[in-house]
Amino acid sequence: QPAIRIDNLVKRYAGQQGEEGKLALKGVSFDVPQGGVFGLLGPNGAGKSTLINILSGLVNKTGGSASVWGFDIDSHTRNAKRSIGIVPQEIVFDPFFTPYEVLENQAGFYGIPKADRRSEELLEAVRLSDKRDAYARTLSGGMKRRLLIAKAMVHSPPILVLDEPTAGVDVELRRQLWELVNDLNARGVTIVLTTHYLEEAEQLCDRIAIINHGELIANKPTRELVEMA
Ligand code: ADP
Ligand code: ADP
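It should be emphasised that the depicted structure is a prediction, and the values quoted were computed from it without experimental measurement. Throughout, residues of each chain are indexed from 1 in the direction in which the sequence is written. As they are written, the chains are lettered A onward and the ligands numbered 1 onward, keeping that order. For this predicted model, a pLDDT threshold of at least 70 governs which residues receive local features, and a threshold of 80 or more governs which side-chain atom pairs are given and counted, while totals over whole chains, interfaces and linings are taken from all residues. Water and hydrogen atoms play no part in the side-chain values, which are based on all heavy atoms of the structure.

Q: When you look at the packing of aromatic side chains in this model, what are you seeing that I'm missing?
A: Aromatic pairing here means that ring centres of Phe, Tyr or Trp (its six-membered ring) are within 6.5 Å. Orientation follows from the plane angle: under 30 degrees is stacked, over 60 is edge-to-face, and everything else is tilted. Taken as a whole and judged by the stated rule, the model has 3 aromatic pairs. Ring centres 5.8 Å apart and planes at 75 degrees place the aromatic pair Phe96 and Tyr135 in the edge-to-face group. In this pair, Phe96 sits in the loop between strand E6 (84–87) and helix H3 (99–109) while Tyr135 sits in the loop between helix H4 (119–125) and helix H5 (141–152), placing the two residues 39 residues apart along the sequence. Ring plane angle 80 degrees and centroid distance 5.3 Å describe the contact between Phe109 and Tyr110, whose orientation is recorded as edge-to-face. Any Lys NZ or Arg CZ found within 6 Å of a ring centre and within 35 degrees of that ring's normal is scored as a charge over the ring. The residue whose ring lies beneath Lys11 is Tyr13, and the NZ or CZ to ring-centre distance is 4.9 Å. The cationic tip of Arg174 hangs over the ring face of Tyr197; the distance from NZ or CZ to the ring centre is 4.9 Å. Only runs of H or I of at least four residues qualify as helices and only runs of E of at least two qualify as strands under DSSP, and these elements are numbered from the N terminus.

Q: Would you take a moment to explain the site of ligand 1 for this structure?
A: Near residues are defined by distance, with any heavy atom within 4 Å of the molecule or strand qualifying the residue. As a matter of local geometry, ligand 1 sits amid Tyr13, Ala14 and Gln16. N or O atoms closer than or at 3.5 Å make up a polar contact, with two conditions inside protein: a donor-capable atom paired with an acceptor-capable one, and, for residues adjacent in sequence, both atoms drawn from side chains. Interatomic distance of 3.2 Å between a backbone N/O atom of Ala14 and an oxygen atom of ligand 1. Measuring from an oxygen atom of ligand 1, one finds a side-chain N or O atom of Gln16 at 3.5 Å.

Q: What should I look at first to understand the sheet that holds strand E2 (residues 23–32) in this one?
A: Within a beta sheet, neighbouring strands are joined by backbone hydrogen bonds and run either parallel or antiparallel to one another. Within the open sheet, the 4 strands sit side by side as E2-E1-E4-E5. Their pairing is antiparallel. Looking along the sheet, the strands with just one partner apiece sit at the ends: E2 and strand E5 (71–72). Pairing between two strands requires that DSSP report at least two bridges joining them. With 2 bridges connecting them, strand E4 (residues 63–68) and E5 associate as antiparallel partners. Each residue of the ladder has a partner; that of Ser67, found in E5, is Asp72. Sitting on the sheet, helix H1 (residues 48–55) touches strand E1 (4–12), E2 and E4, and the angle it makes with E1 is about 115 degrees. Whether two residues touch is decided by their heavy atoms; if any such pair falls within 4.5 Å, the residues are in contact. Geometry is summarised by axes, namely lines fitted to C-alpha atoms with helices restricted to the contacting stretch, and by angles between N-to-C directions that run from 0 to 180 degrees.

Q: Could you clarify how one ought to interpret the environment of Ile91 in this entry?
A: In this fold, Ile91 is placed in the loop between E6 and H3. Three labels apply to residues, based on accessible area from a 1.4 Å probe with only protein chains included: buried if under 20% of the type maximum, exposed if over 50%, partly exposed otherwise in between. By relative accessible area, Ile91 is classed as partly exposed at 40%. Considering only alpha carbons, one finds Ile91 and Ala136, 45 residues apart in sequence, at a separation of 10 Å. Among all residues touching Ile91, those that are not within four sequence positions of it are Lys144 and Leu148.

Given below as structure tokens:
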């Protein structure tokens, strides 16, 4: 069973004043195998975020189907959502909370009992233990991104999706984030990341799907894709 199955997925956004809306996904199909690092590559506007947002339930699809860890996103929405952790591009936590509080609140949101929470362990995994009780606003950009990754892992999803994880970050931070992605993958988490950097996809991913204008134009093991180029 694949980690994610996407079958003929279509998204048309609502248009304005009788105009036809944007057709952001034109019938996209692919599987994400379990256990690997899967790259969804494409230029800005290709439909990557739309696809991710459909999987996480933020955007409604127009047609087709998708399942996450075997759970259909329509009929088993809750289980599908719980099988995935999403690391968004923008910083989504309160600057006056501490990293520890951010993780505890998130655990509360998922209804995880105190005894089953693993905030300390997650802070350790993203190397933020020494910032446990600092205000989030005092963290560096890199620390904030690492906290976002920890936050996405609070409910122990088997799949972690990172939306443009290194957009606008410097070389050193990019290297750190790549290392963290590899660490998590080594612990058995299936990774999906979107990127518009071919180099990033080549470095990190064992399989790459390319979308452009809402259409899938390639889906291959990285090695084969690189040989073609
Ligand atoms: P919908 O209309 O599909 O419910 P939203 O409520 O998210 O979508 O957005 C309302 C309107 O804002 C859209 O119909 C669109 O015109 C515009 N819009 C929002 N986000 C974007 C975007 N990323 N690119 C282009 N247009 C956008
Ligand atoms: P990517 O993540 O690959 O940059 P997106 O999924 O954000 O691409 O966008 C795909 C297409 O859908 C773009 O043409 C974008 O302008 C459009 N789009 C995205 N969100 C909305 C929205 N809420 N309403 C209307 N159009 C949108």
